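Descriptive structure summary
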Amino acid sequence: MHSDVIATDHAARLAAVDPLLPGSSPFEAAESAVVLEVATADSAASGLASRIQVDQDAPNAPWRALTEHRLDLQLAGPQPAGALDALLTRWDEHLRAVAERGDTETAAIVPRASRDAAGTREMLHHGFAPLRVIAVRPADRMVPAGPRGTPGVKIRRAAPGDLETVVSLGLELHSFDAQYGTVNLRKGVEDIMAKDLAEQLDRPEPPLWIAELYGRPLGMVNVQHPGETGWISDRVSAGRVGYLSSLAVAKEARSSGVGTALAIHAHHVLDEEGADVVLLHHAAANPLSTPFWYAQGYRPLWTYWQRRPAVR
Ligand SMILES: CC(C)(COP(=O)(O)OP(=O)(O)OC[C@H]1O[C@@H](n2cnc3c(N)ncnc32)[C@H](O)[C@@H]1OP(=O)(O)O)[C@@H](O)C(=O)NCCC(=O)NCCS
């Protein structure tokens, strides 16, 4: 099957399961990416196998394995699961040649449209787990009534003097998520986070808000405005895309409406700026964040399946 046909067939299948997914074009090999193609009796799959390496002190290192092997894929024909199985077998041969066996700083990552069920069982058979999700909240989404909220909670924009608070809340969130394997608690994470948050707090209007109870900071939310989200906006079929970078509530203040108040505030800000959708990442197995986000009007868009180490 020609790569154009595979891309068109794949795009049509995805459009039928989720109107918020972007279209697909045929893969092209690049400096650190090769195209893999397989065919079964009546179906076919195409994959773009790439490798991304970062240093431990890079700004994005806390959120990824230091070496990521990634497979973007397209499936075509009446038996997409079989074609995926063959593609993963082909990719495994490739990985055995290029990845360090047993190194937990390597990860094999397969982004899949969350609603594309074809081949899910085959992903498990090849040792992948559905680890991280990009969730989407359309602007006009109705949300059911949530918790009543704690009286006295005030939400205010963060200022440079809040650096210690936001770093501490950010680290609490990062340590919690690290248990689920989506982020990494390595030496130097605090410095990387502090540098990024200090830069954000130095902006004339920092995109961070603090929840305070009687003057005590208990939670924070951090957003990226439409116009700053070019790094992720091509994952969704929408014009203006907002991104919710993080939301954290101090352990002693959870389950009392503080998180909901912060999320409502962030959505209000992004709605005012005309965002058609808001995206965020969360760890699928996090028992606090997953139900919380789906109660705030989000739903899964992309699921990032991961195997770590990339080769056992
Ligand atoms: C996820 C997190 C931000 C949620 O913040 P929170 O302040 O605890 O959330 P809220 O209190 O506003 O909302 C949850 C509570 O609302 C209540 N609630 C939910 N739906 C409700 C409804 N329909 N009606 C009434 N109450 C409801 C529940 O009491 C629920 O708490 P519970 O699950 O412990 O029973 C917080 O748990 C946290 O910081 N977790 C660790 C870090 C993290 O995972 N952050 C998210 C990163 S992606």
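Note that this is a predicted model, so its numbers are computed, not measured. Along each chain, numbering runs from 1 in the same order as the chain's sequence is written. Local features in a predicted model are, by the rule used here, given only for residues with pLDDT of at least 70; side-chain atom pairs are given and counted only at 80 or more, and totals for whole chains, interfaces and linings are based on all residues. Where side-chain values are given, they derive from all heavy atoms of the structure, hydrogens and water being excluded.

What follows deals with the overall build of the chain. Counting its regular elements, the chain contains seven helices and 11 strands. Whereas a compact globule of 312 residues would reach a radius of gyration of roughly 20 Å, the chain reaches 21 Å, a difference of no more than 12%. Projected onto its principal axes, the C-alpha coordinates of the chain cover approximately 65 × 40 × 30 Å. A 1.4 Å probe rolled over the protein chains alone gives each residue an accessible area, and that area as a share of the maximum for its type sets the label: buried under 20%, exposed over 50%, partly exposed in between. By residue count, 49% of the 312 residues in the chain fall in the buried class. The contacts of the chain with a sequence gap of at least 6 include a subset with a gap of at least 24, amounting to 74%. Carbon and sulfur atoms form 52% of the exposed surface of the chain, whose accessible area is close to 14,700 Å². For the purpose of charge, His is not counted, nor are the chain termini; Lys and Arg are scored as positive and Asp and Glu as negative. Taken as the charge location is NZ of Lys, CZ of Arg, CG of Asp or CD of Glu. Positive and negative charge centroids in the chain, built from 30 and 38 side chains respectively, lie 5 Å apart. Secondary structure elements follow DSSP: runs of H or I no shorter than four residues count as helices, runs of E no shorter than two count as strands, and numbering proceeds from the N terminus. What the globule rule says is 2.2 Å times the number of residues to the power 0.38, and the radius of gyration is computed from C-alpha atoms. Contact between two residues is taken to exist if any of their heavy atoms lie within 4.5 Å; hydrogens are not considered. Here the open area of atoms and residues is found with the Shrake-Rupley method and a 1.4 Å probe, where only the protein chains shown may cover a residue.

A few words now on the domain arrangement of the chain. Throughout, the edges of the domains are those of an automatic or database domain assignment. Looking at the chain, the domain boundaries give domain 1 (3–133) and domain 2 (142–296). Here the C-alpha centroids of domain 1 and domain 2 sit 29 Å apart. Taken together, the contact between domain 1 and domain 2 spans 21 residues of the former and 21 residues of the latter. Within this document, salt bridges are pairs made up of a side-chain nitrogen of Lys or Arg and a carboxyl oxygen of Asp or Glu, the two lying within 4 Å of each other. Scanning the region where domain 1 abuts domain 2 turns up one salt bridge. In this structure, R186 and E105 form a salt bridge, with 2.6 Å as the shortest nitrogen-oxygen distance. We define a polar contact as two N or O atoms separated by no more than 3.5 Å, with the added condition that, inside protein, one atom must be a possible hydrogen donor and the other a possible acceptor, whereas residues neighbouring each other in sequence contribute only through side-chain atom pairs. On inspection of domain 1 and its partner domain 2, the count reaches 10 residue pairs in polar contact (both at pLDDT 80 or more). With four residues, strand β5 (residues 129–138) is the largest single contributor of residues to the side of domain 1 that touches domain 2. Tallied by class, residues from the side of domain 1 that touches domain 2 come to 15 nonpolar, one polar and five charged. Residue classes follow a fixed rule: Ala, Val, Leu, Ile, Met, Phe, Trp, Tyr, Cys and Pro count as nonpolar, while Asp, Glu, Lys and Arg count as charged, and any other residue, Gly among them, counts as polar.

What follows is about the side chain of T67. Tracing the backbone shows T67 in strand β3 (residues 67–76). Residue T67 is classed as buried on the basis of its relative accessible area of 8%. Within polar-contact distance, the side chain of T67 engages the side chain of Q53 at 3.3 Å. Not counting residues up to four positions away in its chain, the partners in contact with T67 are R51, I52, Q53, E105, T106 and A107.

Turning next to the site of the ligand. In this text, near means that some heavy atom of the residue lies within 4 Å of the molecule or strand in question. Around the ligand there are 21 residues in total, and A145, S255, G257, G259 and T260 lie nearest to it. Within the backbone of L247, an N or O atom sits 3.1 Å from a nitrogen atom of the ligand. G259 is positioned with one of its backbone polar atoms (N or O) 2.7 Å from an oxygen atom of the ligand. Look at the ligand: alone it shows 950 Å² of surface, and the protein chains cover 69% of it. Mapped by element, the contributors of at least two residues to the shell around the ligand are α4 (163–178), β9 (241–249), α6 (258–272) and α7 (289–295).

The set of buried Ala, Val, Leu, Ile, Met, Phe, Trp, Tyr and Cys residues whose side-chain atoms join them within 4.5 Å is what this entry labels a nonpolar core. By size, the foremost hydrophobic cluster in this structure holds 22 residues, and its most contacted members are V221, L244, L247, L262, W293 and Y298. Looking at this core, the elements that each hand over two or more residues are β5, β7 (208–213), β8 (216–224), β9, α6 and β10 (277–283). The greatest single-element share of this core, amounting to six residues, is contributed by α6. The residues touching L247, leaving out its near neighbours within four places in the chain, are L173, M220, V221, G259, L262, A263, F292 and W293. Ranked by size, the runner-up nonpolar core spans 21 residues in total, among them V38, A49, L87 and W91.

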